Amino acid sequence: MAEVPSVPSLEQSAPRNQETRSFTKAEHARNDFDTAILINHIGVAESEFSLKPTFKIMSWLAGATLLVALAVSVSLWTFRQIEGAAGVRKHTSSVINSAVGFMSALKDAETGQRGYILSGDEAYLDPYLAQRDGIETRLEELKQSTLLPASRSHLDTVTPMISVLLEEMAQSIELRRDNDMNGALALVRRGQSKSMMDLIRTEMGTYMSLEEDLLAQHEAAFQTDMRRMFSLIVATSLFSLLFALGFAWLLYRETQERFKNLVLLETQRLLEHQESMNRQLQQVNSTLSESQESLSVTLNSIGDAVIATDAQARVTRLNPVAEELTGWTQADAFGRPVDEIFHIINQETRELATIPVIVTLAHGTVQGLANHTVLIARDGRECAIADSCAPIRDRSDEVIGAVLVFRNVTKEYAVQQALRDSAALVQTILNTVVDGIVTLHARGGIVETVNPAAERMFGYSAAELKGKDFSLLIPELDRDLPNGSLEYYGASDEARASGLGREVVGRRKDGSTFPLEIAVSEMWLGGESYFTGILRDISTRKQVEEALVKAGALQSAIFNSANFSSIATDAKGVIQIFNVGAERMLGYTAAEVMNKITPADISDPQEVIIRAAALSTELDTPITPGFEALVFKASRGIEDIYELTYIRKDGSRFPAVVSGTFTS
């Protein structure tokens, strides 16, 4: 902290006045014998010098007025700057808090949705229902309050992801409500919502990093403005003191000239001028006192804690922030040793830490605290702090005290730890995800990073791929070939929504090739464009698809065979499918029964009644005779094969073995 100039008090100026008065009497006695000689020149001397003091005094006063006006103008401008910086800083902090709240709401919704899918208990849906309708509104409000275009672009990227995530949540909940547990679990296992949530966390993490960087910039600007204000106050005080000294010196010279030229008659006027000088000095003292008060107000209004000491390390000043953090008031702390007020320990070892004031007073150098320092307040509260200590010097450059400036950094450390945890989480995800992930420079398509899944997929290590052209892994991406740019392989909105990309052929280190699915997206880091490619080995899927094609052909041949009767209904039991075998066995055409009757209508009514009664007894639940009795077990996943008599169109009957299955 800059040295505060000392203010001359009225008691300090009194000896000078007494000395001046003594000098006046001596001068008066010495010049008694010259009175007669100089009396004729008094009128001439008065006329010659009468205007000079008035003109000079007015000039000094005009200069003082201009100086004060300039200081006030600059102070007002600096205050506006500080006020504006504080407002922007507050707004940025509010935006970061809103982003944290948004992610918390999204996480609550996801937790509620997964809890309901696993348990089927509607109570688990309460967090989801509470947050579902407000998530997109919160995101829109966050967009409106975000001032930084780069941050807003990340929110624009998150918007479609949120829509996709909410849609998939709603779809899985509906499947679970329809008792399709397998469908809901299959939708969850597909991993789309998890991948989308990971991307949202990544984008929001980048967004909050940008906002925190912006907050740090505003904080730096705020601190710069505060230092400017403090420097202005100190400079104004110094200039005021210099002006007072110069004005006093001017009056002193004028007084001496009048002593020499006006003798007795000028003595009275000299005394009057001396009194005038005393009044001016009193005004200067008052002005400097006001400056001291302004300095005190400034120290009391800044956001950091300030403790000032004398040369013996005794406390002389605490601002309100320091009172809050230490638990000591200004009145209680005044005159006490600083180590009694400023009690600090090492956060890890819990041992006492060295107070920088002692070193500053001993060596006259600026000192700072080590990391992980904790301040223990008078009432036992603890908080992590960061500080610096500077010496206070007098005019002779002697150290006469020290000023300690510190602040509570508990929240800052918590944010830093959260960022480190987030980075570790992202790295863990990249290391465990089954899809290959490759990042590369947009210019030249040079590989930057690959995850372990990509290493296993292609047989290369990360070190071997870094700096290589991406076409080494996917020959189609050779820029000399048609459709060789990465932009061509960017997934469409529809494909991205369903978790699909474009199919390409990958080449392993051993030269073998395999089918891949690639989805490419662009991102900006440090002002440079990068591409992120998500690669999925679809060799197994291709094999399964081929097997399904073969199985489908076999199933179609069996279904259309005339030796088997296949009848399928909707949920209400109305026949929807009636194959050739059913037409042959029952004598009906498909057009005569489809969308018209149920299987119960072509079954023996008495057997259906008997079956309903038997199932009611077996399963201890009432079952209505009719279609429900035929499919009750199958609809609940219980294997059901039974004998039943069917009635043909001509009224004849025949026994049949029925196997029932249920699909959703």
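Residues numbered from 1 in each chain as written. Predicted model: local features only at pLDDT ≥ 70, side-chain atom pairs only at ≥ 80, totals over all residues. Heavy atoms only, no water.

Caption draft 1: Main features of the confidence of the model for the protein chain. Across the protein chain, pLDDT averages 78, with 84% of residues at or above 70. Within the model, pLDDT remains below 50 along residues 480–484, and this stretch shows nine contacts once partners closer than five positions in the same chain are excluded. Here residues 491–500 scores under 50 on pLDDT; set against residues more than four positions off or in separate chains, the count is 17 contacts. (pLDDT = per-residue confidence, 0-100. Contact = heavy atoms within 4.5 Å.)

Caption draft 2: Quick peek at the packing of aromatic side chains. One pass over the structure, following the stated rule, counts three aromatic pairs. Note on F342 and F406: the rings are 5.0 Å apart at their centroids and 50° apart in plane angle, and the pair reads as tilted. In this pair, F342 is assigned in the loop between helix 11 (338–341) and strand 3 (343–346) and F406 in strand 7 (residues 399–408), connecting sequence segments 64 residues apart. Assessed through its relative accessible area of 0%, F342 is described here as buried. (Phe/Tyr/Trp six-rings, centres within 6.5 Å; stacked < 30°, edge-to-face > 60°. Helix = DSSP H or I, 4+ residues; strand = E, 2+ residues; numbered from the N terminus. Buried < 20%, exposed > 50% of the residue type's maximum accessible area, 1.4 Å probe, protein only.)

Caption draft 3: Summary view of helix 20 (residues 605–619). Over its 15 residues, helix 20 extends 21 Å from the first C-alpha to the last, a length consistent with the 21 Å expected when each residue adds 1.5 Å. Listed as buried for helix 20 are V608, R611, A612, L615 and S616. The buried residues of helix 20 occupy an angular sector of 135° when projected down its axis, which confines them to one face. Summarising the geometry of helix 20, the exposed residues directed more than 90 degrees from the buried face are I610, T617 and E618. Lining the buried residues of helix 20 we find helix 21 (627–635) and strand 15 (640–647). Sitting at the amino-terminal end of helix 20 is D604, which places a side-chain oxygen 2.9 Å from the backbone nitrogen of Q606. The positive-phi residue at the C-terminal boundary of helix 20 is D620, with phi of around 55°. (Expected span 1.5 Å × (residues − 1). Arc of directions from axis to C-beta. Polar contact = N/O pair within 3.5 Å; in protein donor to acceptor, adjacent residues only side chain to side chain.)

Caption draft 4: Up close: helix 6 (residues 149–177). For helix 6, which comprises 29 residues, the first-to-last C-alpha distance of 42 Å matches the rise-based estimate of 42 Å (1.5 Å per residue) to within 8%. Trailing helix 6 by a residue or two, N179 shows a phi angle of about 65°, which is positive.

Caption draft 5: Region of interest: the nonpolar core. Core analysis: the largest hydrophobic core is formed by 27 residues, its most contacted members being I162, I200, M204 and Y207. At the level of secondary structure, the elements contributing two or more residues to this core comprise helix 4 (51–119), helix 5 (125–145), helix 6 and helix 8 (192–301). Judged by nonpolar contacts, the second largest core, of 24 residues, contains A313, W328, V338 and I385. (Core = buried A, V, L, I, M, F, W, Y, C linked by side-chain atoms within 4.5 Å.)

Caption draft 6: Up close: the sheet that holds strand 11 (residues 513–525). With respect to topology, five strands assemble into an open sheet ordered 9-8-12-11-10, the strand pairing being antiparallel. The outermost strands of the open sheet, each flanked by one partner alone, are strand 9 (447–450) and strand 10 (502–507). Going from strand to strand, the sheet's axes swing by 35° on average, the running direction of each strand aside. Examined bridge by bridge, strand 11 and strand 12 (residues 528–537) share 10 bridges and lie antiparallel to one another. The residue bridging E517 from the neighbouring strand is R536, located in strand 12. (Pairing = 2+ DSSP bridges. Axes fitted to C-alpha atoms, helices over the stretch in contact; angles between N-to-C directions.)

Caption draft 7: A look at the side chain of S539. Within the secondary structure, S539 sits in helix 17 (residues 539–559). Taking the relative accessible area as the measure of exposure, S539 reaches 19% and is therefore buried. A polar atom in the side chain of S539 sits 2.7 Å from the side chain of D537. The residues contacting S539, other than those within four sequence positions of it, are F514 and P515.

Caption draft 8: Structural view of the pattern of salt bridges. A complete count under the given rule lists 19 salt bridges for this structure. Notably, a salt bridge pairs D225 with R228, separated by 2.5 Å at the nearest N-O pair. Of this pair, D225 and R228 both sit in helix 8, three residues apart, which is roughly one turn of the helix. As a salt-bridge pair, R508 and D537 come within 3.9 Å of each other at their nearest N and O atoms. Taken together, the positions of R508 in the loop between strand 10 and strand 11 and D537 in strand 12 put the pair 29 residues apart, joining distant regions of the chain. With relative accessibility at 25%, the residue R508 sits in the partly exposed group. Take D537: its relative accessible area is 34%, and that puts it in the partly exposed class. (Salt bridge = Lys/Arg side-chain N within 4 Å of Asp/Glu carboxyl O.)

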